[in-house]
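Geometric and topological summary
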Amino acid sequence: MGLFLVIAMLRVVLQLSLPLLLILFYIAVFIVAGFDDPAFVAIAFDSGGATTGPITVPFIMAMGIGVAATVKRTDGQDNSFGFVGLASIGPIAAVAFMGLFSPMDENIDAASLAPAAETPLLEPFLRELPHVAYDITMALLPLVIIFFVFQITLLRLPGRQVRRMVFGFIYAWIGLIIFMTGVNGGFTPIGRSLGMQLGVLADGWALLPVGLILGAVVVCAEPAVWVLTEQVEEVSGGSIRRSVMLGALSLSVAIAVGLGMLRVITGLSIWYILIPGYVLALAMTKICPPMFTAIAFDSGGVASGPMSTTFVLALTLGASAAIGGNPATDAFGMVAMIAMAPLITIQLLGLVVKYVEGKSCKTT
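All of these numbers come straight from a predicted model, not from anything done at the bench.

Observations regarding unusual backbone geometry
For Q15, which is not glycine, the phi dihedral falls at a positive 60°. For Q15, the position within the fold is in the loop between α1 (2-14) and α2 (18-33). With a phi angle near 55°, R156 is a residue other than glycine that sits in the positive phi range. Positionally, R156 belongs in the loop between α8 (123-155) and α9 (159-199). Using a relative accessible area of 60% as the deciding quantity, one classes R156 as exposed.

Following this line, the structure appears as structure tokens:
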């Protein structure tokens, strides 16, 4: 992810074409993934969405907007986005490459996915709290160190701004611990249990309507989605409203989760969805306004945050186990489809805006 974030910055500095980079890198990723085991393919594409969460998205987007504003010879709006979209390719490529050398057992014991026995109400959360606190501390610590190194050597911000930054880190640390403890201690087991219950209803076909509804709702609970939509509205000067972005994201994720549930029910290979989806998304980069292309590929990583990788994926794993499928190949890949769907819908939104603006210009 670090390597591809550097590439994203060089794109702005060297004025490289974002669509060209996306096409080249995704072609390379698909070629490598073609030699992987099916289970590794799903996990690789899941990794791209899972690594863009409530810490990475605000940090990368803010840094991208700053770089675009500094490089005066570029179009600030077009180059303010696309950083998350490029950075999320890194984990996909890394896991796909790892799959060439790491054999994987595709058989997951369904018993391991069964809901845990009844426990006292607070026990799951207290059990998760130490691990989550350690993980969040280790995740934030490098950012804290980097900030203070730059503060001493380059930034030299006044005391008030330093105090504000310190309080920001403290709030983020406490908030992420509470959020991730709730997600891991509550949403994951509930999602898995709900998936197992739905998997036995009507031979699993009850998963389709539930998946569509959950997809539309869950994306609005992603913290990074609110960061992205706010940044889009601000950078675009209000021409792209937050409500429109939220509507497009909800629709796209609803369809994606519905397709994921269809895979669980039918055992459909993930290739039949990923290849047409990415071919369409990458082809649209040639005709879509550049800013909407950049926002679309950022949205893919943003929509597939902690709620998708915990609740929705857990529900899918439980449903696959209940139906009698292979969770390794049928359930994994759900995050990948959630990350792929906004690439198409946001670019479609951009084409609509382009058409409306063109029509307005002709009438005036």
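Thoughts on the packing of aromatic side chains
Aromatic ring pairs: the centre-centre distance and the angle between the two ring planes describe each pair. In this structure the tally under the stated criterion is twelve aromatic pairs. Note on Y26 and Y278: the rings are 4.8 Å apart at their centroids and 35° apart in plane angle, and the pair reads as tilted. Residue Y26 is located in helix α2, and its partner Y278 is located in helix α13 (residues 271-284); the two are separated by 252 residues in the primary sequence. Of the two residues, Y26 and Y278, neither departs from the other in class, the shared state being buried. Relative to F148, the ring of F147 lies with its centre 5.2 Å away and its plane at 70°, an arrangement referred to as edge-to-face. Given a relative accessible area of 8%, F147 falls into the buried group.

Here we look at the pattern of salt bridges
Scanning the entire structure with this criterion turns up two salt bridges. For R127, the salt bridge is made with E123, and the minimal N-O distance between the two is 3.5 Å. One end of the pair, R127, and the other, E123, are both in helix α8, four residues apart, so they sit about a helical turn from each other. With relative accessibility at 44%, the residue R127 sits in the partly exposed group. Note on E123: relative accessible area 35%, which makes it partly exposed. Note that R242 and E230 form a salt bridge whose closest N and O atoms lie 3.6 Å from each other. Placement of R242 in helix α12 (residues 242-266) and of E230 in helix α11 (residues 223-235) is noted, with a sequence separation of twelve residues between them.

Digging into helix α7 (residues 89-99)
Because an α-helix completes one turn every 3.6 residues, residues spaced three or four positions apart along the sequence face the same direction. Taken as a whole, α7 has its buried residues at I89, G90, P91, I92, V95, A96 and G99. Of the surrounding elements, those touching the buried residues of α7 are α1, α2, α3 (38-50) and α6 (83-87).

So, how was this worked out
Residues numbered from 1 in each chain as written. Predicted model: local features only at pLDDT ≥ 70, side-chain atom pairs only at ≥ 80, totals over all residues. Heavy atoms only, no water. Helix = DSSP H or I, 4+ residues; strand = E, 2+ residues; numbered from the N terminus. Buried < 20%, exposed > 50% of the residue type's maximum accessible area, 1.4 Å probe, protein only. Phe/Tyr/Trp six-rings, centres within 6.5 Å; stacked < 30°, edge-to-face > 60°. Salt bridge = Lys/Arg side-chain N within 4 Å of Asp/Glu carboxyl O. Contact = heavy atoms within 4.5 Å.

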